[in-house]
Amino acid sequence: MARQSAAVGDRRTSGPNPVDVHVGGRVRLRRTLLGMSQEKLGEAIGLTFQQVQKYERGANRVGASRLFDLSRVLDVPVSFFFDEMPKEVAASSPAQRPGVGKPAPEQELDPLVKRETLELVRAYYKIEDASVRKRLFEMTKALAAASSGAKGED
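First, a word on scope: everything that follows refers to the structure included in this document. (Residues numbered from 1 in each chain as written. Predicted model: local features only at pLDDT ≥ 70, side-chain atom pairs only at ≥ 80, totals over all residues. Heavy atoms only, no water.)

1. Brief notes about the environment of Glu56
Turning to step 1, where the next piece is worked out: Within the secondary structure, Glu56 sits in helix H4 (residues 49-57).
Turning to step 2, where the next piece is worked out: Once residues lying within four places of it in the same chain are set aside, the contact partners of Glu56 are Val21, Gly24, Gly25, Val27, Arg28, Arg31 and Gln38. (Helix = DSSP H or I, 4+ residues; strand = E, 2+ residues; numbered from the N terminus. Contact = heavy atoms within 4.5 Å.)

Now the structure itself:
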């Protein structure tokens, strides 16, 4: 019997699956929060930094044993890699999308995979004084609330 449908999960025509991109983004997020380079992560799990890059972009899928290794090295539960996955992304897994068109890019769906977010978080954690970090956090939340409130009044 022939494979059911090669086109459904055919990455050559549709690009990386958004679920793989999300998982890769979470790997990158955690690695960055730990201040770990792609090279160091690769060494810890027996990969080159180029292979780590491909995982983080979603170009290569992360197998179960590799996901287990990543969770151990990055000190997070395996579920961390699937946390905060938007419903649209979860619905785009090969089993969930029978022949639909190209999904929206993960970068548009999840601000956690944007470089700006990662740089902001990295800079935030470089602030050594915990009280200064707390004040910055509260100020940022207040600015966000004021900004979303102002948009609602327009």
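2. Observations concerning the packing of helix H2 (residues 18-33) against helix H8 (residues 115-126)
When two helices pack together, their arrangement is given by the angle between the helix axes and the distance between those axes.
Turning to step 1, where the next piece is worked out: As a packed pair, H2 and H8 sit with axes 9 Å apart at the nearest point and diverge in direction by 25°. For the element pair H2 / H8, the angle class is roughly parallel. Viewed along their axes, H2 and H8 form a crossing whose handedness is right-handed. Contact residues: H2 offers Arg28, Leu29, Thr32 and Leu33, while H8 offers Arg115, Leu118, Val121, Arg122 and Tyr125.
Turning to step 2, where the next piece is worked out: Looking at the contact of H2 with H8 residue by residue, the classes come out as five nonpolar, one polar and three charged. (Axes fitted to C-alpha atoms, helices over the stretch in contact; angles between N-to-C directions. Parallel < 35°, antiparallel > 145°, perpendicular 65-115°, else oblique. Left-handed = near helix turned anticlockwise from the far one by under 90°. Nonpolar A, V, L, I, M, F, W, Y, C, P; charged D, E, K, R; others polar.)

3. Quick look at the side chain of Arg30
Turning to step 1, where the next piece is worked out: As for its placement among the helices and strands, Arg30 is situated in helix H2.
Turning to step 2, where the next piece is worked out: Within the buried core, Arg30 has no salt-bridge partner, and the shortest N-O distance to an opposite charge, that of Asp75, equals 4.5 Å.
Turning to step 3, where the next piece is worked out: Within the structure, the side chain of Arg30 is placed 2.8 Å from the backbone oxygen of Leu74, a separation counted as a polar contact.
Turning to step 4, where the next piece is worked out: Not counting residues up to four positions away in its chain, the partners in contact with Arg30 are Leu74, Asp75, Val76 and Phe80. (Buried < 20%, exposed > 50% of the residue type's maximum accessible area, 1.4 Å probe, protein only. Lys, Arg positive; Asp, Glu negative; His and termini not counted. Salt bridge = Lys/Arg side-chain N within 4 Å of Asp/Glu carboxyl O. Polar contact = N/O pair within 3.5 Å; in protein donor to acceptor, adjacent residues only side chain to side chain.)

4. Thoughts on the side chain of Asn17
Turning to step 1, where the next piece is worked out: In this fold, Asn17 is placed in the loop between helix H1 (11-14) and H2.
Turning to step 2, where the next piece is worked out: Polar side-chain contacts of Asn17 include one of 2.7 Å to the backbone nitrogen of Val19.

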